[in-house]
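# Overview (structure and organization)
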Amino acid sequence: MTMQLERPTGHDLVDLVERRVPGYSLEAPFYTSQEVFDLDVSAIFARHWLFAAAEAELPEPGDFVTVAVGSYSVIIVRDDDEELRAFHNVCRHRGSRLLDEPRGSVGNLVCPYHHWTYGVDGRLMHADNQPASFDRSCFSLRPVQVRSIGGLVFLCLADDPPADFDEVAARIEPFLAPYGLRQAKVAHQSDIVETGNWKLVMENNRECYHCDGHPELVSAYFPLFGYTAEDVPPRLRPAYQRYHQASAALRSACVRQGFPLEGARELDTRATGFQLSHAPLDGAGKSFNTNGESVCSRLMGSMTTDRFGDLSLHMQPNSWFHMLADHAVVFSVLPLAPDRTLLRTTWLVHPDAVEGLDYDVATLTRVWQATNQQDGTLVARTQKGVEDPGYRPGPYSTVEGDVDAFVTWYVSRLAAHLSR
Ligand code: 3BY
Ligand code: FES
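None of the values given here were measured: they were computed from a predicted structure.

Calculation criteria
Residues numbered from 1 in each chain as written. Chains lettered and ligands numbered in written order. Predicted model: local features only at pLDDT ≥ 70, side-chain atom pairs only at ≥ 80, totals over all residues. Heavy atoms only, no water. UniProt positions renumbered as here; feature names shortened; annotations may be inferred. Helix = DSSP H or I, 4+ residues; strand = E, 2+ residues; numbered from the N terminus. 1 Å grid on protein atoms, 1.4 Å probe; cavity = no way out; pocket = protein on both sides within 12 Å on 5 of 7 lines; lining within 4 Å. Points joined across faces, edges and corners; volume = space filled by probe spheres on them. Nonpolar A, V, L, I, M, F, W, Y, C, P; charged D, E, K, R; others polar. Buried < 20%, exposed > 50% of the residue type's maximum accessible area, 1.4 Å probe, protein only. Contact = heavy atoms within 4.5 Å. Disulfide = S-S within 2.5 Å. Salt bridge = Lys/Arg side-chain N within 4 Å of Asp/Glu carboxyl O. Near = heavy atom within 4 Å. Areas by Shrake-Rupley, 256 points an atom, 1.4 Å probe, with all protein chains shown as cover. Sits in = over half its atoms within 2 Å of the grid points. Expected span 1.5 Å × (residues − 1). Bend = angle between axes of the 7 residues up to and from the residue. Polar contact = N/O pair within 3.5 Å; in protein donor to acceptor, adjacent residues only side chain to side chain. pLDDT = per-residue confidence, 0-100. Core = buried A, V, L, I, M, F, W, Y, C linked by side-chain atoms within 4.5 Å.

### So, the UniProt feature "domain: Rieske" (unreviewed entry) in the chain
- In this numbering, the UniProt entry assigns the feature "domain: Rieske" (unreviewed entry) to residues 50–155.
- Here residues 50–155 is 0% helix and 41% strand, with 5 Å between the C-alpha atoms at its ends.

Encoded structure:
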């Protein structure tokens with residue numbers, strides 16, 4: 001079937017959303033227009049649960065990270081009871097930003113402007129020169145919803161967050177528990193500003209149709225994402241055979257470890273879309289490394305086998321995660337502008353793993369540093385293409401079902417928002 005998709009004459013947002021053609025990439029304004037970007041921030045990023053940080057980034061009371069989401073900035077801080085809290089990074093006096101740094105540690109939160117001082121529980125503790133009638137308790141920092149799933153920290157800027165989060169968290173937790181992410185240690189973090197729309201970054205992550213471009217990744221990762229026995233191309237058939245043999249071994253390892261066997265795929269059927277899948281790795285089957293060998297000699301959490309493949313978690317709208325026996329690597333995508341996106345990648349290891357002894361950062365991060373760079377180039381090329389007046393939406397292949405699921409989820413969330 002051929003389909004003529006004309007360039008839209010205007011940027012009417014409702015029209016754009018309504019005329020999305022399933023199975024095709026989005027029309028150009030979804031990737032290029034400031035109006036759509038603003039809609040994405042208000043309808044997607046300000047209304048859904050976002051992956052913001054690993055708990056390991058803020059292990060001690062007073063540790064904080066700040067997360068920018070469009071023009072929002074959120075402080076996530078560990079309070080004196082070791083609970084996670086999140087607040088708008090906005091002073092309750094006259095609105096100054098409180099914290100500028102991406103991470104750090106504080107006793108209290110002191111506004112740099114007139115020194116209003118807040119506890120890490122958000123309560124206003126001190127404000128000079130107030131009238132007798134001033135009631136400090138009315139000027140606590142405005143809270144933001146924050147929750148951890150097994151050591152992965154999510155925030156939601158909405159007052160009425162999607163109600164399915166608790167159910168999703170309960171489904172995911174048993175898969176994450178053996179990896180001990182709550183107690184893990186940050187071995188490395190990298191920030192890349194990609195020159196592309198945030199949805200291009202997400203779409204690129206949701207398929208392995210392009211995995212020929214990732215030689216480091218596919219030295220351990222089976223590039224079979226989305227293929228069925230019928231559509232595996234001849235060049236991937238040997239990998240498909242190895243994958244099936246390795247799957248049987250992985251299933252036995254799961255049974256021995258009491259690990260859940262079945263994954264889940266609910267990417268576009270709920271507000272908190274997610275996918276869990278546990279797949280073997282190629283070669284030694286242990287980690288993201290040449291020939292699938294380990295990159296850290298200390299195993300995660302309560303892992304008792306180093307040959308435990310890749311537990312992957314993909315979530316809408318902005319994250320994916322890979323849990324290996326010897327480390328975890330977690331990704332968050334945050335929109336900066338229509339054509340600029342922050343990709344933050346964090347590598348986690350067992351808290352007792354010693355750099356230089358159990359792992360070295362270059363080997364630990366090599367595969368995904370390379371993969372991220374390669375993906376960044378592909379995203380930038382695609383941004384250039386979709387900005388070209390000659391761009392027309394094109395059809396997804398049979399192995400881009402998760403790209404379609406991401407876009408379907410996205411468009412349906414926009415439609416729900418616009419009809420509110
Ligand atoms: O990170 C992922 O989710 C994988 C790796 C390559 C493509 N993508 C499906
Ligand atoms: Fe923060 Fe004045 S704006 S103390």
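### Details of the layout of surface pockets
- Empty space within the largest pocket amounts to approximately 720 Å³.
- Lining the largest pocket are 33 residues, and of these Phe225, Tyr243, Ser277, His278 and Ala279 lie nearest its centre.
- Those elements giving two or more residues to the lining of the largest pocket turn out to be α6 (237–257), β12 (264–266), β13 (274–279), β14 (310–315) and α8 (401–418).
- For the lining of the largest pocket, the leading source of residues is α6, giving six residues.
- Looking at the lining of the largest pocket, its residues break down into 17 nonpolar, 10 polar and six charged.

### Comments concerning the environment of Pro102
- Looking at the secondary structure, you find Pro102 in the loop between β4 (84–88) and β5 (103–105).
- The exposure class of Pro102 is partly exposed, given its relative accessible area of 39%.
- As for Pro102 and Phe64, which are separated by 38 residues in sequence, their C-alpha atoms are 8.2 Å apart.
- For Pro102, the residues in contact, after removing those within four places along its chain, are Phe64, Val65 and Thr66.

### Focus: the state of the cysteines
- Applying the stated criterion to the full structure yields one disulfide.
- Between the sulfur of Cys208 and that of Cys211 lies a disulfide, 1.9 Å long from S to S. When the S-S torsion is -100 degrees, as for the bridge of Cys208 with Cys211, the disulfide is left-handed.
- Of the residues examined, Cys208 reaches a relative accessible area of 6% and is grouped as buried.

### Comments concerning the pattern of salt bridges
- Within the structure shown, the criterion is met by 23 salt bridges.
- Linking Arg20 and Asp404 is a salt bridge whose minimum nitrogen-to-oxygen distance equals 2.8 Å. Linking Arg20 in the loop between α1 (13–18) and α2 (29–32) with Asp404 in helix α8, this pair joins segments that are 384 residues apart in sequence.
- Residue classification places Asp404 among the partly exposed positions, given a relative accessible area of 23%.
- In this structure, Arg270 engages Glu266 in a salt bridge whose closest nitrogen and oxygen atoms are separated by 2.9 Å. Across the pair, exposure class does not vary: Arg270 and Glu266 are buried alike.

### Observations regarding unusual backbone geometry
- The linkage connecting Gln316 with the following residue, Pro317, adopts the cis geometry, with an omega of 0 degrees.
- Examined against the element boundaries, Pro317 turns out to sit in the loop between β14 and β15 (319–323).
- For Glu82, which is not glycine, the phi torsion reads 70 degrees and is therefore positive.
- Following the sequence through the fold, Glu82 ends up in the loop between β3 (72–78) and β4.
- Of note in the backbone geometry, His115 takes a positive phi value of approximately 70 degrees without being a glycine.
- In this fold, His115 is placed in the loop between β6 (109–110) and β7 (117–118).
- On the accessibility criterion, His115 (47% relative accessible area) is partly exposed.

### As for the site of ligand 1
- Around ligand 1, a shell composed of Asn205, Glu207, Cys208, Cys211, Leu217, Tyr221, Phe225, His314, Trp320, His322 and Trp368 is seen.
- Protein chains shield 98% of the accessible area of ligand 1, which is 270 Å² for the free molecule.
- The pocket occupied by ligand 1, as judged from atoms lying within 2 Å of grid points, is the largest cavity.
- In terms of residue class, the shell around ligand 1 is built from seven nonpolar, three polar and one charged.

### Remarks on helix α7 (residues 361–387)
- If you check α7, its first and last C-alpha atoms are 37 Å apart, about what 27 residues at 1.5 Å a residue would give, namely 39 Å.
- Along α7, the sharpest kink reaches roughly 40 degrees, centred on Val367.

### Some thoughts on the side chain of Thr365
- Here Thr365 lies in helix α7.
- Overall, Thr365 belongs to the buried group, its relative accessible area being 4%.
- Here Val361 takes part through its backbone oxygen, which lies 2.8 Å from a polar atom of the side chain of Thr365.
- The residues touching Thr365, leaving out its near neighbours within four places in the chain, are His188 and Trp347.

### A closer look at the confidence of the model for the chain
- When pLDDT is averaged along the chain, the result is 95; 97% of the residues meet or exceed 70.
- Note that residues 1–10 has pLDDT below 50 and, in this model, 18 contacts with residues that lie over four places away or in other chains.
- The ipTM, which scores confidence in the relative placement of chains, is 0.94 for this predicted complex, and the corresponding pTM is 0.95.

### Some details on the nonpolar core
- One finds Ile76, Phe288, Trp368 and Tyr410 to be the most contacted residues of the largest nonpolar core, which totals 69 residues.
- No other element matches α8, which puts seven residues into this core.
- Every residue in contact with Tyr410, bar those within four places of it in the chain, is listed here: Leu26, Phe30, Val36, Asp40, Ile44, Trp198 and Lys199.

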